[in-house]
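What the coordinates show
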Amino acid sequence: MGKVFALCTQKGGTAKTSSAIEISAWLAENNYKVLLIDLDQQCDSTRNSGIKTPMYSIHEVFQQDCKIFDAIHKTQWYDVIPASPILSKSDQIYTERDDIYLLKDVCEILLKKYDFIIIDNPPARNVLLNMTYIAADYIICPTLSDDNSIRGIIAVEQDLKKLRESRNKESHAYIIGVLLTIYESTNSHKKALDNLKKITAALPGDVFISTVRKTIKMAEVKTLCMPLQAYEKFNNASLDYKKIAKRIIDIYEEDMNG
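Everything quoted here is computed from the prediction, not taken from an experiment.

What counts and what doesn't
- Residues numbered from 1 in each chain as written.
- Predicted model: local features only at pLDDT ≥ 70, side-chain atom pairs only at ≥ 80, totals over all residues.
- Heavy atoms only, no water.
- Phe/Tyr/Trp six-rings, centres within 6.5 Å; stacked < 30°, edge-to-face > 60°.
- Helix = DSSP H or I, 4+ residues; strand = E, 2+ residues; numbered from the N terminus.
- Buried < 20%, exposed > 50% of the residue type's maximum accessible area, 1.4 Å probe, protein only.
- Lys NZ or Arg CZ within 6 Å of the ring centre and 35° of its normal.
- Contact = heavy atoms within 4.5 Å.
- Disulfide = S-S within 2.5 Å.
- Pairing = 2+ DSSP bridges.
- Axes fitted to C-alpha atoms, helices over the stretch in contact; angles between N-to-C directions.
- Core = buried A, V, L, I, M, F, W, Y, C linked by side-chain atoms within 4.5 Å.
- Salt bridge = Lys/Arg side-chain N within 4 Å of Asp/Glu carboxyl O.
- Right-handed = clockwise from strand over helix to strand, strands pointing away.
- Polar contact = N/O pair within 3.5 Å; in protein donor to acceptor, adjacent residues only side chain to side chain.

1. Topic: the packing of aromatic side chains
The description of an aromatic ring pair rests on the distance of the ring centres and on the angle between the ring planes. Tallying each qualifying case throughout the model produces 7 aromatic pairs. Ring geometry for Phe5 versus Phe116: centroids 5.7 Å apart, planes at 45 degrees, classification tilted. A residue pair is termed long-range when its members are at least 10 positions apart, and Phe5 in strand 1 (residues 3-7) and Phe116 in strand 5 (residues 116-120) qualify at 111 residues. Residue Phe5 is classed as buried on the basis of its relative accessible area, which comes to 0%. Taking the ring centre of Tyr174 as reference, the NZ or CZ of Arg164 above it sits at 3.9 Å.

2. Some remarks on the side chain of Thr200
Mapped onto the secondary structure, Thr200 falls in helix 8 (residues 187-201). When near neighbours in sequence (up to four residues on either side) are disregarded, Thr200 contacts Val178, Val207 and Ile209.

3. Quick word on the state of the cysteines
In total, this model carries 0 disulfides according to the counting rule given. The closest cysteine sulfur to the non-disulfide-bonded Cys43 is located on Cys225, 13 Å from its own sulfur. According to the relative accessible area criterion, Cys43 is buried, its value standing at 10%.

4. Section: the sheet that holds strand 2 (residues 34-38)
Here we have 8 strands laid out as an open sheet, ordered 3-4-2-5-1-6-7-8, and mixed in their pairing. Both edges of this open sheet fall to strand 3 (73-74) and strand 8 (208-213), since each of them pairs with a single strand only. Relative to strand 6 (residues 138-143), strand 1 is paired through 3 bridges, and the arrangement is parallel. Its bridge partner lying in strand 6, Leu7 is registered against Ile140. Here helix 11 (residues 236-256) sits on the sheet in contact with strand 1, strand 5, strand 6, strand 7 (174-183) and strand 8, set at roughly 155 degrees to strand 8.

5. Topic: the nonpolar core
Formed by 54 residues in total, the largest nonpolar core has its most connected members in Ile37, Phe62, Leu110, Ile117, Ile139 and Ile175. Aside from chain neighbours lying at most four places away, what touches Ile37 is Ile58, Ile81, Leu103, Cys107, Leu110, Ile117, Ile118, Ile119 and Asp120. Residues Val80, Ile118, Val212 and Leu228 belong to the second largest nonpolar core, which totals 34 residues.

6. Observations concerning the pattern of salt bridges
Under the definition given, this model contains 14 salt bridges. Linking Lys16 and Asp40 is a salt bridge whose minimum nitrogen-to-oxygen distance equals 3.4 Å. With Lys16 in helix 1 (residues 16-29) and Asp40 in the loop between strand 2 and helix 2 (44-48), the pair connects residues that are 24 residues apart, well separated along the chain. Between Glu220 and Lys217 there is a salt bridge whose closest N-O contact spans 3.7 Å.

7. Topic: the pairing of strand 8
What you see with strand 8 is a clean split: Phe208, Ser210 and Val212 sit on the buried side and Ile209, Thr211 and Arg213 on the side with no burial. Pairing geometry for strand 7 and strand 8, over 5 bridges, is parallel. Counted as the bridge partner of Leu180 is Thr211 from strand 8. You can see the chain leave strand 7, run along helix 8 and come back into strand 8, and the turn it takes is right-handed.

8. Notes on unusual backbone geometry
At Cys43, a residue that is not glycine, the phi angle is positive and equals roughly 65 degrees. Tracing the sequence through the fold places Cys43 in the loop between strand 2 and helix 2.

9. What about the side chain of Ser19?
In this structure, Ser19 sits in helix 1. Using a relative accessible area of 0% as the deciding quantity, one classes Ser19 as buried. Only 2.7 Å separates the side chain of Ser19 from the backbone oxygen of Ala15, close enough to count as a polar contact.

These figures come from the coordinates and say nothing about function on their own.
As structure tokens, this is what we get:
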């Protein structure tokens with residue numbers, strides 16, 4: 001039985017999608033079966049994984065317009081369930097009370113086949129994010145060095161806590177990692193790192209903090225529609241994601257071994 005790791009943030013531009021792709025690629029490099037679910041209406045995880053015109057997306061899966069496994073697209077690195085632009089209307093589409101369990105139901109079926117399900121979320125508070133909070137085992141928050149991004153981590157934890165402590169205990173997920181992305185050795189980034197240490201110390205559990213160094217190569221791989229891990233494995237940022245993947249594997253193995 002696999003585990004669900006979700007990349008969550010409430011601010012755009014934090015390298016959330018790049019992080020989801022690179023983590024997925026490194027997990028697959030370690031011979032794990034990996035599925036990336038794209039929930040972002042911008043479809044960047046889908047497109048940047050080399051999938052151009054998918055027949056089915058996660059929306060069709062939720063609507064039961066296709067079988068779950070018919071929506072899975074195989075890439076050279078990992079499998080993907082694509083997003084759709086129609087997800088921009090998710091709050092108008094998924095309005096039934098039980099709709100917040102749609103992703104959880106899908107993941108429970110898929111976890112029989114995959115070791116890891118990685119979820120790339122839209123940077124917004126909406127029904128899709130609530131679906132993720134309920135479906136996920138673990139949450140990872142990418143952030144930039146600015147205060148707004150960092151405060152977003154607190155907002156994610158507040159949302160999770162409400163669901164964990166709700167009458168039906170709808171979520172069991174905790175934040176287990178924070179990624180300070182596009183990192184440079186500047187005073188502002190070092191100050192942000194110090195702030196993150198204070199914030200994560202107040203979170204429940206043992207939360208790791210990792211930095212991902214800035215690289216111009218990330219723009220190149222987006223054009224090429226492939227992971228940086230496959231394009232330039234020994235790039236600084238790629239090596240940073242390798243270490244993050246190792247952290248995730250350690251958490252997964254510890255969980256699986258009880």
